[in-house]
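# Structural features, examined
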Amino acid sequence: MAFKYRYETLLNVRRIRENIAQQAFSQAQRNHLSLLARRGQLESRSTDLGHDLMNRMKRGINSSEVRGYYEYLSHLKESLEKIEKNIRISQQHVTLKREKLLEAKRAHQAVERLKEIHRERFDALERKAEMNFIDEIAIMRHGGTR
């Protein structure tokens, strides 16, 4: 007789939920990392632009160009503030998705462990039944030779 786990459907559902949670967590992480990369780009652009402005001011620059630089730098600063806000939100989102993933993983592991326990019990019963069968054969042989 083959082992048949009666909660196999539940195990499959838990496995699917774990996979879905893993995908959601990965997506949240990718989003967070892209925001961090964007922040780095904006900071780099802002720093480069500041150095460029200082170099041009040393050589001489008219006021309209300075105003253009300052407007663009203020725009970059506003963009950085928005990105920082989005980064904080995405970090919370990643933390939430991580917790959901861990919860789904624990639920899957619990049903998986239950399957292992049932399998061990089934194997023990099979061994016991086999030993009883072997004992009966030995008794019949012994009794038949007398």
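Our subject is the structure that appears above.
Residues numbered from 1 in each chain as written. Predicted model: local features only at pLDDT ≥ 70, side-chain atom pairs only at ≥ 80, totals over all residues. Heavy atoms only, no water.

## A few points about the overall build of the chain
Assigned secondary structure in the chain consists of two helices and zero strands. In summary, the chain has a C-alpha radius of gyration of 34 Å against a globular reference of 15 Å for 146 residues, an excess of more than 25%. Considered along the principal axes of its C-alpha atoms, the chain spans approximately 120 × 25 × 15 Å. Looking at the chain as a whole, 19% of its 146 residues are labelled buried. For the chain, the accessible area works out to roughly 11,300 Å², and carbon and sulfur atoms hold 54% of it. Separation of charge centres in the chain, based on 30 positive and 20 negative side chains, amounts to 2 Å. (Helix = DSSP H or I, 4+ residues; strand = E, 2+ residues; numbered from the N terminus. Rg over C-alpha atoms; globule rule 2.2 N^0.38 Å. Buried < 20%, exposed > 50% of the residue type's maximum accessible area, 1.4 Å probe, protein only. Areas by Shrake-Rupley, 256 points an atom, 1.4 Å probe, with all protein chains shown as cover. Lys, Arg positive; Asp, Glu negative; His and termini not counted. Charge placed at Lys NZ, Arg CZ, Asp CG, Glu CD.)

## Focus: the pattern of salt bridges
Applying the stated criterion across every chain yields a total of seven salt bridges. Note that Lys 115 and Glu 8 form a salt bridge whose closest N and O atoms lie 3.3 Å from each other. With Lys 115 in helix 2 (residues 63–144) and Glu 8 in helix 1 (residues 8–59), the pair connects residues that are 107 residues apart, well separated along the chain. Across the pair Arg 113 and Glu 116 runs a salt bridge, and its minimum N-O distance is 3.2 Å. Here Arg 113 and its partner Glu 116 are both found in helix 2, three residues apart, which amounts to about one turn of the helix. Accessibility expressed as a relative area gives 38% for Glu 116, which makes it partly exposed. (Salt bridge = Lys/Arg side-chain N within 4 Å of Asp/Glu carboxyl O.)

## Digging into the packing of aromatic side chains
Following the criterion strictly, the structure yields three aromatic pairs and no others. Between the aromatic rings of Phe 3 and Tyr 5, the centroid separation amounts to 6.5 Å while the plane-to-plane angle is 20 degrees, which identifies the pairing as stacked. Under the relative-accessibility criterion, Tyr 5 is labelled buried at 3%. Taken together, the ring pairs in this structure connect Phe 3, Tyr 5, Tyr 7 and Phe 122 into an aromatic cluster. (Phe/Tyr/Trp six-rings, centres within 6.5 Å; stacked < 30°, edge-to-face > 60°.)

## A look at the environment of Leu 36
Relative to the assigned elements, Leu 36 resides in helix 1. The class for Leu 36 is partly exposed, based on a relative accessible area of 29%. A sequence separation of 47 residues divides Leu 36 from Ile 83, and the C-alpha atoms of the two residues are 8.2 Å apart.

## Some points on the environment of Glu 112
With respect to the helices, strands and loops of the structure, Glu 112 is situated in helix 2. With relative accessibility at 26%, the residue Glu 112 sits in the partly exposed group. Spatially, the C-alpha atoms of Glu 112 and Glu 8 are 9.3 Å apart, while their sequence positions differ by 104 residues. Not counting the four nearest positions on each side in its chain, Glu 112 is found in contact with Leu 11 and Arg 15. (Contact = heavy atoms within 4.5 Å.)

## Overview of the side chain of Glu 18
Structurally, Glu 18 can be placed in helix 1. For Glu 18, a relative accessible area of 12% gives the class buried. For Glu 18, the contacting residues outside a window of four places in its chain are Leu 101, Ala 104, Lys 105 and His 108.

## As for a nonpolar patch on the surface
A cluster of nonpolar side chains, contributed by Met 131, Phe 133, Ile 134 and Ile 137, occupies part of the molecular surface with about 380 Å² of accessible area. Residue placement: Ile 134 occurs in helix 2. (Patch = residues over 30% accessible without salt bridge, like charges linked within 9 Å, V, L, I, M, F, W, Y side chains within 5 Å.)

## Some thoughts on the nonpolar core
Among the nonpolar cores identified, the biggest contains ten residues, and these are Leu 35, Leu 42, Leu 49, Leu 53, Tyr 69, Leu 73, Leu 76, Leu 80, Ile 83 and Ile 87. Elements that contribute at least two residues to this core include exactly helix 1 and helix 2. The leading source of residues in this core is helix 2, at six residues. Among all residues touching Leu 53, those that are not within four sequence positions of it are Ile 61, Tyr 69, Tyr 70 and Leu 73. (Core = buried A, V, L, I, M, F, W, Y, C linked by side-chain atoms within 4.5 Å.)

On their own, these measurements won't tell you what the molecule is for.
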